[in-house]
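Examination of the molecular architecture
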Amino acid sequence: MVISSFHPPVRTLMGPGPSDVHPRILDALGRPTLGHLDPLFIGMMDETKTLLKYAFQTSNELTLPISAPGSAGMEACFVNLIEPGDKVLVCVNGVFGTRMIENATRCGATAIRLDFPWGTAVDPVAVEAVLKEHDDIKILAFVHAETSTGALSDAQTLCGLAKKYQVLSIVDAVTSMGGVPLLVDEWGADAAYSGSQKCLSCTPGLSPVTFSDAAVAVIKTRKHPVQSWFLDMNLILGYWGEGGKRAYHHTAPVNALYGLHESLVMLQEEGLENAWQRHAAMHTALAAGLDSLGIQFVVPAGQRLPQLNTIYIPEGIDDAKTRQYLLANYDLEIGAGLGVLAGKVWRIGLMGYSARMENITLLLTALAAAMSEQGYSCDAASAIAAAQATVA
């Protein structure tokens, strides 16, 4: 069998990630590759760190992109801050909270699991009750923006509780960075991680992380070695330190970092507040259009992520058949449900470059056509008019 070059079709990505990659970022990815210890590349690394500090809204010196996807960012936070025997309170309101449990237990910690209904935010009152009950908890971990459900939790209050009870906080910000307010220093978060492929509209494969001074102190005074050599911050710091000579740790994904750098430049150009407002406006437009189609949201209005919209599949509509119809007829991707929501919901992403009115118009048109094929009565034109009216 002769295998030829792969040429993918142009899709519109409106699932839970990756999002559409902006043409400027695609252009950046194709620039000439430099050596990863080239002085010019090292200068770009320093700029990337500065831009990430802006995106995280932090002055933390230990702020950098892990050379792996968001799951590695999660693992980096857990393996560096947890030692065997530590007690960790993990809030679970979706799939990614359960992954936090996995990380904590694999580090040898005792994980206290605090569950909340899927599709709802973490309840700070319940969290404080557990913190009061256990005075030996070392870390509070929670998902700020739960990608499996579209629920947004109150990270400011939760990080405040961590400070009140003198525990460290780990914040999953994979889907929140660039889409909703994420204020690491103001909120007092100790460790946070994100991903390049969501609201930053870069390609998958990089995970921005940031650690507070308190978190760095814990990392530097560990009694046991970090269980992951590749993710050991004590070693990575030698390569990602500020300026000067860099110690070899691994071969950085040079061109992928060009893309991340460009995406962060674009975020700076737009302005964080403007990016948050754009995502909110596009969510309002989408919600109006979906309401016109008779489609209901899973998450209550006050707890919804604007950039990740989880909606119930109307009765009588086939999940997989609909998504396949969108892909085959419109080159449009939306996401299926995960875990307890599998087969019951669709997840619609409005992240980064995907958060545009033309994408919403395409989605409403395609969804109405797909459901009409299955006997569902709906009018795409009315849905589109309702969406456009919100931004008129």
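Residues numbered from 1 in each chain as written. Predicted model: local features only at pLDDT ≥ 70, side-chain atom pairs only at ≥ 80, totals over all residues. Heavy atoms only, no water.

1. Considering the overall build of the protein
- Within the protein, the regular secondary structure consists of 14 helices and 14 strands.
- Looking at the protein residue by residue over its 392 residues, the buried ones come to 57%.
- Of the contacts formed within the protein by residues at least 6 apart in sequence, a portion of 73% connects residues at least 24 apart.
- Entry remark: accessible area of the protein is about 15700 Å², with carbon and sulfur atoms responsible for 55%.
- Positive and negative charge centroids in the protein, built from 26 and 38 side chains respectively, lie 4 Å apart. (Helix = DSSP H or I, 4+ residues; strand = E, 2+ residues; numbered from the N terminus. Buried < 20%, exposed > 50% of the residue type's maximum accessible area, 1.4 Å probe, protein only. Contact = heavy atoms within 4.5 Å. Areas by Shrake-Rupley, 256 points an atom, 1.4 Å probe, with all protein chains shown as cover. Lys, Arg positive; Asp, Glu negative; His and termini not counted. Charge placed at Lys NZ, Arg CZ, Asp CG, Glu CD.)

2. As for the sheet that holds strand β3 (residues 87–92)
- Strand order in the open sheet formed by seven strands is β2-β10-β9-β8-β5-β3-β4, and the pairing between neighbours is mixed. With partners counted over all chains shown, the strands left at the sheet margins are β2 (62–66) and β4 (110–115), one partner each. Here the strands of the sheet are splayed against their neighbours by 15° on average, with no regard to which way each runs.
- Lying over the sheet, helix α2 (residues 39–56) contacts β2, β9 (191–193) and β10 (207–211), oriented at roughly 105° with respect to β2.
- In the packing of helix α3 (residues 70–81) onto the sheet, contacts are made with β2, β5 (139–143), β8 (168–172), β9 and β10, and the angle to β9 comes to roughly 165°. (Pairing = 2+ DSSP bridges. Axes fitted to C-alpha atoms, helices over the stretch in contact; angles between N-to-C directions.)

3. What to know about the pattern of salt bridges
- The tally for this structure, following the rule as stated, stands at 16 salt bridges.
- Measuring nitrogen to oxygen at the nearest pair gives 2.5 Å for the salt bridge that ties R11 to D331. One end of the pair, R11, is in the segment before β1 (12–13); the other, D331, is in the loop between α12 (319–330) and β12 (332–333), and 320 residues separate them in sequence.
- Here R356 makes a salt bridge to E358, at a shortest N to O gap of 3.2 Å. (Salt bridge = Lys/Arg side-chain N within 4 Å of Asp/Glu carboxyl O.)

4. Some remarks on the nonpolar core
- Core analysis: the largest hydrophobic core is formed by 93 residues, its most contacted members being I66, V127, I170 and F211.
- Not counting the four nearest positions on each side in its chain, I170 is found in contact with C77, F78, L81, M100, I139, L140, A141, F142, A191 and Y193.
- Within the second largest apolar cluster, 33 residues are counted, among which are A287, L293, I313 and M371. (Core = buried A, V, L, I, M, F, W, Y, C linked by side-chain atoms within 4.5 Å.)

5. Some words on the packing of aromatic side chains
- Tallying each qualifying case throughout the model produces three aromatic pairs.
- Note on Y239 and W240: the rings are 6.3 Å apart at their centroids and 80° apart in plane angle, and the pair reads as edge-to-face.
- Residues Y325 and Y330 carry aromatic rings whose centres are separated by 6.4 Å and whose planes lie at 45° to one another, so their mutual orientation is tilted.
- What makes Y325 partly exposed here is its relative accessible area of 21%.
- Under the relative-accessibility criterion, Y330 is labelled partly exposed at 26%.
- Its end group placed over the ring of F297, R304 keeps NZ or CZ at 4.0 Å from the ring centre.
- The lysine or arginine in question, R356, covers the ring of Y353, its NZ or CZ lying 3.9 Å from the ring centre. (Phe/Tyr/Trp six-rings, centres within 6.5 Å; stacked < 30°, edge-to-face > 60°. Lys NZ or Arg CZ within 6 Å of the ring centre and 35° of its normal.)

6. Here's the deal with helix α9 (residues 233–240)
- Turning to α9, its buried residues number three or more, namely M233, I236, Y239 and W240. Within α9, the buried residues cover an arc of 110° as seen down the axis, which keeps them to one side.
- Looking at the packing, one finds that the buried side of α9 touches α2, β2, α3, β10, α8 (213–220) and α10 (254–270).
- You can read the cap of α9 off the contacts: a side-chain oxygen lies 2.9 Å from the backbone nitrogen of N234, and it is on D232. (Arc of directions from axis to C-beta. Polar contact = N/O pair within 3.5 Å; in protein donor to acceptor, adjacent residues only side chain to side chain.)

7. Observations concerning unusual backbone geometry
- With an omega of 5°, the peptide bond between G17 and P18 qualifies as cis.
- Look at Q57: it is not a glycine, yet its phi comes out positive at around 55°.
- Relative to the assigned elements, Q57 resides in the loop between α2 and β2.
- You can call Q57 partly exposed: its relative accessible area is 30%.
- The phi torsion at Q166 lies on the positive side, around 55°, for a residue other than glycine.
- On the secondary structure map, Q166 appears in the loop between α6 (155–164) and β8.
- By relative accessible area, Q166 is classed as exposed at 73%.

8. Digging into the pairing of β3
- Summarising burial for β3: six of the six residues are buried, a large majority.
- Read from β3 through helix α4 (residues 95–106) to β4, the crossover connection turns out right-handed.
- By the bridge criterion, three bridges tie β3 to β5 in an arrangement that is parallel. In the sheet register, L89 faces β5, and the bridge partner there is L140. (Right-handed = clockwise from strand over helix to strand, strands pointing away.)

9. Here we look at helix α13 (residues 357–372)
- Under the 1.5 Å per step criterion, the end-to-end length of α13 is 22 Å for 16 residues, consistent within 8% with the ideal 22 Å.
- Close packing links the buried residues of α13 with β1, α11 (272–292), α12, β12, β14 (345–349) and α14 (380–389). (Expected span 1.5 Å × (residues − 1).)

10. Brief notes about the environment of H250
- Relative to the elements of secondary structure, H250 occurs in the loop between α9 and α10.
- Distance in space between the C-alpha atoms of H250 and Q307 is 33 Å, their sequence separation being 57 residues.
- Contact partners of H250, with chain neighbours within four places excluded, come to H36, S67, F230 and Y239.
- Engagement of the side chain of H250 in a polar contact is seen with the side chain of S67, the distance being 2.8 Å.

From the geometry alone we can't say anything about function, so treat these as descriptive.
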